[in-house]
Amino acid sequence: MPQYSYESPPLASSSTPLISDDRVPLYTGSSAERQRAHGEGFDDVPAEKRQLGVMSVVSLIINRMIGTGIYSTPSVVLRASGSVGLFLVSWIIGAIVTSVGMAVYVEFGTALPRSGGEKNYLEYIYKKPKFLVTCSYAMYYCLLGGSTTSSIFFGEYMVHAFGGTISQWNTRLIGFACLTSVTLLHTFHLNWGLRLQNTLALVQLGIMLFLIMCGFLAFLGWIPSDDRPHNFDDLWKGTTHDPNAFVSGLCSVIWTFIGYTNAHYVLSETKDPVKTIKRAAPLAMTLITVLYLFVNASYLIVVSKEDILGSGRIVAALFFRNLFGSIAERVLSFTISISALANMLATCFAKSRVIQELGREGVLPYSSLLAKNSSFKTPYAALILEWALCTFWMFTPPPGDAYNFVMNLDNYPYACINTAISGGLLWLYLSPSGKLHWNPPYRAGVLAVTLFLLSNLFLTVVPLIPPSPDFRLYDFLPYWIHVAASAGVFFVGVIYWYVWARLLPGIGGYEISREVVIQNDGISRTVLNKIPKS
């Protein structure tokens, strides 16, 4: 199929914000003003591809947030905190950090309403050296599997639900089967995948509300229990003084909120993206924050501190066992595994779109293949790559440390990226050139941006401090392994950039030139051509 070149207008660039009203919209006609105002003219995506409304975007965020974290991380956070009081404080701090982070991302999302999320924001801020930030981000995003933790969690809860013995292989094989099914659904049945996501978002909210109601009734004594814990009698007993342990717990909390960025990866498929992200992100964030705090309070009402610490990733199952017995525990284990399925659906959908956007930039091998949509209107090559990466990380880490290592390997690079994003936005606020050109439809404000920057600097630096002898982040791996692995991933991106964009052009005597072409699916992508130096 032939491809047709066109001159890319300023508004079509992934690094050009909606900064003034005199920009030329990509589409013309009676709807041009509406497209400019709501961001639909920012990316040259066919109108029929924009299928996500406010409800679908809220569902993407909720499914990514609730997924597994609130059921799997409380024991990790309590172990890192040492006391019930610091445990609750950690959740409050995590909610504050992610709330200001959400505001920062909404500002960028309304200014650059195109799929890709952090890729676009980093490219806008850090334009030089050319292609460096894109290559570094591409290695981070393409080498790590976003649905790995959800897959392992799904396998553990399914085994527990059916009374089996949790082992290294049965949980991973079950998780692999679920991951494969999710990939096939998103590849061949786009609309059914979206409908299932929306439905499971409501199911997840119902599960959490039921859990909160049970905790409240237990607190009032309306649900009898033979052994009611006294977790609130001495809130600060056992409080840790180890900063590494505290940050480890705080990272786990933030990881449970990490889904607030999920909608930014699919803005090119969102109707009225500026208006939608301004409404959907705060709505989902507020709802999840309130639910998280009440769910954790319910855990503490029903399950003793000692049982939570020893529960691993099945604290929610213990909650229902203590209230209703082992049969209810297994039934609810099956129900909670549905949350992991919802998380996989949301993560797989969003991450494949970012990989597709990286393909549209032309910096990756086989970019044209990654950028394409299949006849089912889905990025099939990006979905296959995401499936392969998740499978690799699911089976590679040693037993016992797999879940925590993969979770921390998600968290730490994310803190580094957020530091770069918030620092760059603060520079746009304060620099003369930034003040002149940066005028998005929504502003987070200097205070929120500064708080987000400082919190992510804290999360980036403190994990380098050795933990106290009585705290072990991993059973077999060294405490710094996720930091080293994260640095290694970014370093691979730097090496790739240097060889591809500097060394080879220097040896070959050519320069890299960008050309924008339209694919046969109606979506543009960048072709990088080698132009001989004169």
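All values reported here derive from a predicted model rather than from experimental measurement. (Residues numbered from 1 in each chain as written. Predicted model: local features only at pLDDT ≥ 70, side-chain atom pairs only at ≥ 80, totals over all residues. Heavy atoms only, no water.)

Participant: Looking at this structure, how should I read the pattern of salt bridges?
Facilitator: Side chains that differ in charge, positive against negative, can pair when their charged atoms come close. By the definition in use, this model includes eight salt bridges. The salt bridge involving R353 is made with E269; its shortest N-O contact spans 2.9 Å. One end of the pair, R353, is in helix α15 (residues 326-361); the other, E269, is in the loop between α11 (243-256) and α12 (273-302), and 84 residues separate them in sequence. Residue E269 is classed as buried on the basis of its relative accessible area, which comes to 5%. (Salt bridge = Lys/Arg side-chain N within 4 Å of Asp/Glu carboxyl O. Helix = DSSP H or I, 4+ residues; strand = E, 2+ residues; numbered from the N terminus. Buried < 20%, exposed > 50% of the residue type's maximum accessible area, 1.4 Å probe, protein only.)

Participant: I tried to follow the packing of aromatic side chains on my own but got confused; where do I start?
Facilitator: The geometry of an aromatic ring pair comes down to the distance between the two centres and the angle between the two planes. One pass over the full model with this rule turns up 26 aromatic pairs. Centroid distance F188 to F376: 5.2 Å. Interplanar angle 90°. Geometry classified as edge-to-face. Highlighted residues: F188 in helix α9 (residues 168-188) and F376 in the loop between α16 (367-371) and α17 (380-395), separated in sequence by 188 residues. Relative accessible area serves as the criterion here: at 39%, F188 is assigned to the partly exposed category. For the pair F392 and W393, a centre-to-centre distance of 5.2 Å together with 80° between the ring planes defines the contact as edge-to-face. For F392, a relative accessible area of 47% gives the class partly exposed. Overall, W393 belongs to the buried group, its relative accessible area being 15%. Over the ring of W192 we find R195, and its NZ or CZ is 5.0 Å from the ring centre. (Phe/Tyr/Trp six-rings, centres within 6.5 Å; stacked < 30°, edge-to-face > 60°. Lys NZ or Arg CZ within 6 Å of the ring centre and 35° of its normal.)

Participant: Looking at this structure, how should I read a nonpolar patch on the surface?
Facilitator: Together, F491, V494, I495, Y498, V499, L503, L504 and I507 give the surface a local cluster of nonpolar side chains, amounting to about 700 Å² of exposed area. By the secondary structure assignment, V499 is in helix α21 (residues 481-508). (Patch = residues over 30% accessible without salt bridge, like charges linked within 9 Å, V, L, I, M, F, W, Y side chains within 5 Å. Areas by Shrake-Rupley, 256 points an atom, 1.4 Å probe, with all protein chains shown as cover.)

Participant: Quick question: what am I supposed to make of the confidence of the model for the chain here?
Facilitator: For any part of a model where pLDDT is low, the fine detail of the predicted coordinates should not be relied upon. Scored by pLDDT, the chain comes out at a mean of 82, with 88% of its residues at no less than 70. Of all helices and strands in the chain, the one with the weakest mean pLDDT is strand β1 (residues 4-5) (32), whereas helix α5 (residues 84-111) scores best (93). Confidence drops under a pLDDT of 50 for residues 1-36, and excluding neighbours within four residues, the segment shows 83 contacts in the predicted structure. (pLDDT = per-residue confidence, 0-100. Contact = heavy atoms within 4.5 Å.)

Participant: Honestly, the packing of helix α8 (residues 148-161) against α17 in this entry has me stumped. Any pointers?
Facilitator: The geometry of a pair of packed helices is captured by two quantities: the angle between their axes and the separation between those axes. The interhelical angle for the contact between α8 and α17, taken along N-to-C directions, is 60°, at an axis separation of 9 Å. Of the possible angle classes, the one that applies to α8 and α17 is oblique. In the crossing of α8 with α17, the sense of the turn from one axis to the other is right-handed. Residues T148, S151 and I152 of α8 touch α17, and the partners they reach there are C390, W393 and M394. (Axes fitted to C-alpha atoms, helices over the stretch in contact; angles between N-to-C directions. Parallel < 35°, antiparallel > 145°, perpendicular 65-115°, else oblique. Left-handed = near helix turned anticlockwise from the far one by under 90°.)

Participant: Even after reading the chapter, I still don't get the packing of α9 against α15, so can you show me in this structure?
Facilitator: Where α9 contacts α15, the axes come no closer than 10 Å and their chain directions differ by 50°. Viewed along their axes, α9 and α15 adopt a mutual orientation that is oblique. In terms of crossing hand, the pair formed by α9 and α15 is right-handed. Of the residues in α15, those touching α9 at C178, L179, V182, T183, L185 and H186 are L341, M344, L345, C348 and F349. For the contact of α9 with α15, the class distribution of residues is nine nonpolar, two polar and no charged. (Nonpolar A, V, L, I, M, F, W, Y, C, P; charged D, E, K, R; others polar.)

Participant: Before we go on, may I ask you to explain the pairing of strand β2 (residues 510-518) in this structure?
Facilitator: In the case of a regular strand, side chains alternate between the two sheet surfaces. Inspection of the sheet shows β2 paired to strand β3 (residues 524-532) by nine bridges, in the antiparallel sense. By the bridge assignment, Y510 is partnered in β3 with P532. Joining the antiparallel neighbours β2 and β3 is a turn of five residues, in which G522 adopts a positive phi near 85°. (Pairing = 2+ DSSP bridges.)

Participant: Please clarify how empty space enclosed by the protein should be interpreted in this entry.
Facilitator: Under the definition given, this model contains seven cavities of 30 Å³ or more. By volume, the largest cavity amounts to about 240 Å³. Around the largest cavity, the lining comprises 18 residues; the ones closest to its centre are R64, Y140, Y141, Y265 and D410. Elements supplying a minimum of two residues to the lining of the largest cavity: α7 (132-143), α15 and α18 (402-430). (1 Å grid on protein atoms, 1.4 Å probe; cavity = no way out; pocket = protein on both sides within 12 Å on 5 of 7 lines; lining within 4 Å. Points joined across faces, edges and corners; volume = space filled by probe spheres on them.)

Participant: Explain the environment of L202 here, please?
Facilitator: Here L202 shows up in helix α10 (residues 190-220). C-alpha separation for the pair L202 and I62, spaced 140 residues apart in sequence, amounts to 9.1 Å.

Participant: Sorry if this is basic, but what is going on with helix α2 (residues 54-66) here?
Facilitator: Residues spaced three or four apart along an α-helix point in a common direction, a consequence of the helix completing one turn every 3.6 residues. In this model α2 runs 18 Å from its N-terminal to its C-terminal C-alpha over 13 residues, within 8% of the 18 Å that 1.5 Å per residue would give. Across the 13 residues of α2, 11 count as buried, placing the element largely inside the fold. On its buried face, α2 is in contact with α3 (69-72), α10, α11, α12 and α15. (Expected span 1.5 Å × (residues − 1).)

Participant: What exactly am I supposed to notice about unusual backbone geometry here?
Facilitator: A negative phi angle characterises most non-glycine residues, just as the trans form characterises most peptide bonds. A cis amide bond links K128 with the next residue in sequence, P129, at an omega value of -5°. Looking at where P129 falls in the secondary structure, it is placed in the loop between α6 (118-125) and α7. You will see that F131, though not glycine, has its phi angle at about 75°, which is positive. With respect to the secondary-structure elements, F131 resides in the loop between α6 and α7. Exposure remark for F131: the relative accessible area of 8% places this residue in the buried category.

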